[in-house]
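# Residue-level structure breakdown
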Amino acid sequence: MLALVAVLVPTSVAAESALEEASLAETIRRVGPAVVKIYGVGGFRGLETYQSGLLISPEGHVLTVWSYVLDTDLIHVTLDDGRRMQAKLLGADPRLEVAVLKIDETGLPCFDLSRAVEAESGTRVLAFSNLFGVAIGDEPASVQHGVVSVKTNLDARRGVYETPYDGPVYVLDAVTNNPGAAGGVLVTWRGELLGLLGKELRNARNNTSLNYAIPIRQLRESVEAIAAGKFVARDDAETTRKPSRPLTLSMLGIVLVPDVLERTPPYVDQVRTGEPAAAAGLRPDDLVVLAGGRLVPSQKALRAELEYVDYEDPVRLTVLREGQLVELVLQASVEDKQDSP
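Heads up: these notes are all about the structure in this document. (Residues numbered from 1 in each chain as written. Predicted model: local features only at pLDDT ≥ 70, side-chain atom pairs only at ≥ 80, totals over all residues. Heavy atoms only, no water.)

For the structure shown, the criterion picks out two cavities of 30 Å³ or more. By volume, the largest cavity is sized at about 40 Å³. Taken together, the residues of the lining of the largest cavity break down into five nonpolar, two polar and two charged. The volume enclosed by the second largest cavity comes to roughly 30 Å³. (1 Å grid on protein atoms, 1.4 Å probe; cavity = no way out; pocket = protein on both sides within 12 Å on 5 of 7 lines; lining within 4 Å. Points joined across faces, edges and corners; volume = space filled by probe spheres on them. Nonpolar A, V, L, I, M, F, W, Y, C, P; charged D, E, K, R; others polar.)

Time to look at unusual backbone geometry. The phi angle at glutamate 97 is positive, at roughly 60°, despite the residue not being glycine. Residue position: glutamate 97 is located in the loop between strand S5 (84–93) and strand S6 (98–103). Look at glutamate 97 and you get buried, because its relative accessible area is 11%. Located in the positive-phi region is aspartate 285, a residue other than glycine, with phi close to 80°. Within the secondary structure, aspartate 285 is located in the loop between helix H4 (276–280) and strand S15 (287–291). (Helix = DSSP H or I, 4+ residues; strand = E, 2+ residues; numbered from the N terminus. Buried < 20%, exposed > 50% of the residue type's maximum accessible area, 1.4 Å probe, protein only.)

Attention shifts here to the pairing of S6. Counting buried positions over the six residues of S6 gives five, a clear majority of the element. In the sheet, strand S3 (residues 61–65) pairs with S6 via five bridges, with the strands oriented antiparallel. Across the sheet, leucine 63 pairs through a bridge with valine 100, a residue of S6. With six bridges connecting them, S5 and S6 associate as antiparallel partners. If you follow aspartate 93 over to S6, its bridge partner there is valine 98. (Pairing = 2+ DSSP bridges.)

Moving on: the packing of aromatic side chains. For any pair of aromatic rings, geometry is given as the distance between the ring centres together with the angle between the planes. Here the structure, examined in full by the defined rule, presents zero aromatic pairs. Taking NZ or CZ as reference, arginine 245 lies 4.1 Å from the ring centre of tyrosine 311, over its face. (Phe/Tyr/Trp six-rings, centres within 6.5 Å; stacked < 30°, edge-to-face > 60°. Lys NZ or Arg CZ within 6 Å of the ring centre and 35° of its normal.)

Remark on secondary structure: sheet strands pair via backbone hydrogen bonds, oriented parallel or antiparallel. Read around the closed barrel, six strands run S7-S8-S9-S12-S11-S10, paired in antiparallel fashion. Between one strand axis and the next, the sheet turns by 45° as a mean value, whatever way the strands run. As judged from the three bridges shared by strand S11 (residues 193–197) and strand S12 (residues 212–215), these two strands associate in the antiparallel manner. Paired with leucine 196 across the strands is isoleucine 214, a residue of S12. Strands in contact with helix H2 (residues 216–227) are strand S9 (168–172), S11 and S12; relative to S12, the strand with the most contacts, it is inclined by about 55°. (Axes fitted to C-alpha atoms, helices over the stretch in contact; angles between N-to-C directions. Contact = heavy atoms within 4.5 Å.)

The subject of this paragraph is the environment of glycine 53. For glycine 53, the position within the fold is in strand S2 (residues 50–55). Residue glycine 53 is classed as buried on the basis of its relative accessible area, which comes to 1%. Taking C-alpha positions, glycine 53 is 4.6 Å from threonine 64, a pair spaced eleven residues apart along the chain.

Relative to the 16 Å expected for twelve residues at 1.5 Å per residue, H2 spans 16 Å between its end C-alpha atoms, a close match to the ideal helical length. All buried positions along H2 are accounted for by Ile216, Leu219, Ser222, Val223, Ala225 and Ile226. Packed against the buried residues of H2 are S3, S5, S6, S11 and S12. Note on H2: the residue one or two positions beyond its end, glycine 229, has a positive phi of about 105°. (Expected span 1.5 Å × (residues − 1).)

All right, on to helix H5 (residues 299–306) then. Within the sequence span of H5, burial applies to Gln299, Leu302, Glu305 and Leu306. Angularly, the buried residues of H5 cover 125° about the axis, an arc narrow enough to put them on a single face. Each element contacted by the buried residues of H5 is listed here: helix H3 (249–252), strand S13 (254–256), S15, strand S16 (294–295) and strand S17 (315–321). (Arc of directions from axis to C-beta.)

Secondary-structure assignment places asparagine 130 in the loop between strand S7 (124–129) and strand S8 (142–153). Distance in space between the C-alpha atoms of asparagine 130 and isoleucine 38 is 8.7 Å, their sequence separation being 92 residues. Those residues in contact with asparagine 130, other than ones at most four positions away along the chain, are Lys37, Tyr39, Tyr50, Ser52, Ala135, Pro179, Gly180 and Ala181. Reaching out from asparagine 130, the side chain makes a polar contact with the backbone nitrogen of alanine 135 at a distance of 3.0 Å. (Polar contact = N/O pair within 3.5 Å; in protein donor to acceptor, adjacent residues only side chain to side chain.)

This brings us to the side chain of threonine 176. Positionally, threonine 176 belongs in the loop between S9 and strand S10 (185–188). Of the residues examined, threonine 176 reaches a relative accessible area of 4% and is grouped as buried. Not counting residues within four places of it along the chain, the set of residues in contact with threonine 176 comprises Ala127, Gln144, Ala181, Leu197, Asn211 and Tyr212.

Here it is, written out as structure tokens:
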């Protein structure tokens, strides 16, 4: 009997391993076509110009991370079959650092966000992304396997990682924190949707990387809000009436950094003493990300958004400060402000 067991166990293990490999290959075959490569710009410091994304509708909606790569009007998405298409940034939620793009195509393979599942510690997972930008055409996305080490909150790591997101994440036993991986997708070995691979984060104390993904269930409401028109930049075609005397940065006492690029981010260079911005708590080096709930990815967009605010009305600005989002309400002084840019 003992001899019989010694023969059967290896055979059983081998059969189980073969089944797992077949199942894994099927998952990769099904998931891969819904992962895309995204190309934009490299920011001020000449960083990588690419990241990853996942299709979330047959009509070409793409979920990805909100990053400097998207700071351009020339965003391109390359599909699994090699087709390269121009994409439009529909909107972004700076609280979660996620963005939604749109390409003009139909009938695309995609993930259904409503069918996302949760994972526990020890769950075996697969991470799909354009890691290091190795796929530039119809090459498949890179696939890494690992396990969920723990599900925890990033707010427990305040001051260690610079990110405005403080919700739950899956910490992964897989090296996903590398250029190009951000915006990729995390799935179970059966292909069930779990999360979005996060942006590169490094521990400020020991310079180690955090390999993590944000659960899709944390993002779904935000994605739906973007589709409904929240956290979006104003469309040039909108015909909303402007006030006869709009609000300006000068009225608020805000001086931005020199506007040297087509989409120079609206970083604050100076806050004039005694002006409304100073009274509200605005600081130099703050990055304005929302004005009145509208996404303002550039100085041009911020100035354009203020044109829809009457000079007597308050305006709510959301700024990114040392990795944290801060909301401020500013109101110009009526008596002595001049309508200057």
